[in-house]
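Results of the structural survey
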Amino acid sequence: MCYMHFEKQGFPSIILEKVRALLSSCWYTAFYLTLPGHRPDLTTLSSRERFRSKNNATGLGIGSQGPLGRLLVRGEPGHDIVPELYPLENEPIIDKPGRGAFAHTDFELLLRIKGIRNLLIAGVTTDVCVSTTMREANDRGFDCVVLEDATAASEPNLHVGACESIKMEGGIFGATAKLDDVIEAVENFKQATVRSATKSEQMASEPMPQSPITPGPIMNQTMPTSLSVPMSMSPHLSMSTGTIVAPYIA
């Protein structure tokens, strides 16, 4: 989450706490922080978006000078990431010139290389960057879950509307979930994986059974090495490979 969008728009600090709790639970997954912003010369800013951003009572918009530097310009103080969610060295930052994390970025390439199929999406704002990123991901074949209580919008009704639109027509864009449910599913998955790995090790150490018909060891036995535990809030989403997308987090 960048300073400009989080602090100045008055989003509740509980969102930061929720996202931090998610990261603590899902530490073994990939984490991508997406950040909206433009080149200092504004060559990535369309004339339409320049006009829209200034279409307000102050006449200020993208590129205008403010207390945290120029609005939505890369390298400015307001474009930096809040300390609570500052990424580690191995956690990529997706600089995006638009609302979605996929348009005009290498985000999809990074996900494909890692074999990631499932996305947990949190951050602000639900109706703009979060929603756009989820729709882009859905069209590209990714399975997505938006965390309702780890996202927010400038108005409560916009947040509710965005979440409801996801669930229409049987989940047309994916699914929504509460943070506690996701953490519980993740913990269940961890425990099931450990039990399965332990059982596999025990079976591997035991003598192979002999066939009652043909003497000799039984060959080509398949040993279970993992256990896929579906997420409770969305049965079609396997927890085997996943990532957390934070649109400023989207």
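Let me sum up the structure you'll find in this document. Per chain, the residues get numbers from 1 upward, laid out in the order the sequence is written. Two thresholds apply to this predicted model, a pLDDT of at least 70 for residue-level local features and 80 or more for giving and counting side-chain atom pairs, whereas whole-chain, interface and lining totals are computed over all residues. The side-chain figures draw on all heavy atoms in the structure; neither hydrogens nor water molecules are used.

1. Re the overall build of the chain
For helices the rule is a DSSP run of H or I covering at least 4 residues; for strands it is a run of E covering at least 2, with both sets numbered from the N terminus onward. Scanning the chain for helices and strands turns up seven helices and eight strands. The classification of residues rests on relative accessible area computed with a 1.4 Å probe and restricted to protein chains. Under 20% of the type maximum is buried, over 50% is exposed, and intermediate values are partly exposed. The buried share of the chain, reckoned over its 250 residues, is 42%.

2. Brief notes about helix α5 (residues 126-139)
The end-to-end C-alpha distance of α5 is 18 Å, a good match for the 20 Å that 14 residues give at a rise of 1.5 Å each. Taken together, the buried positions of α5 are Thr126, Cys129, Val130, Ser131, Thr133, Met134, Glu136 and Ala137. A positive backbone phi angle near 90 degrees is found at Gly141, which sits one or two residues after α5. Multiplying 1.5 Å by the helix residue count minus one yields the expected span of that helix.

3. Re unusual backbone geometry
Residues Val124 and Thr125 are joined by a peptide bond in cis, for which omega reads -5 degrees. One non-glycine residue, Leu72, lies in the positive phi region at around 55 degrees. Considering the arrangement of structural elements, one finds Leu72 in the loop between β3 (69-70) and β4 (93-96). A positive phi angle, near 55 degrees, is found at Glu169, a position not held by glycine. Relative to the helices and strands, Glu169 is located in helix α6 (residues 156-171). Glu169 gets classed as exposed once you look at its relative accessible area, which sits at 69%.

4. Let's talk about the packing of aromatic side chains
For Phe, Tyr and Trp, rings pair up if their centres lie within 6.5 Å, where Trp contributes its six-membered ring, and each pair is then called stacked (planes under 30 degrees apart), edge-to-face (over 60) or tilted (otherwise). What the rule picks out here adds up to three aromatic pairs. For the ring pair Tyr32 and Phe107, a centre distance of 5.4 Å and an interplane angle of 65 degrees mean the geometry is edge-to-face. A residue pair is termed long-range when its members are at least 10 positions apart, and Tyr32 in strand β1 (residues 30-36) and Phe107 in helix α4 (residues 107-114) qualify at 75 residues. Each member of the pair, Tyr32 as well as Phe107, is classed as buried. Measuring from ring centre to ring centre gives 4.9 Å for Phe102 and Phe107, while their planes differ by 50 degrees; the resulting arrangement is tilted. Side by side, Phe102 and Phe107 carry an identical accessibility label, which is buried. Among the aromatic side chains, those forming a connected cluster through ring pairs are Tyr32, Phe102, Phe107 and Phe142.

Everything listed here is a matter of coordinates, which is why it stays silent on function.
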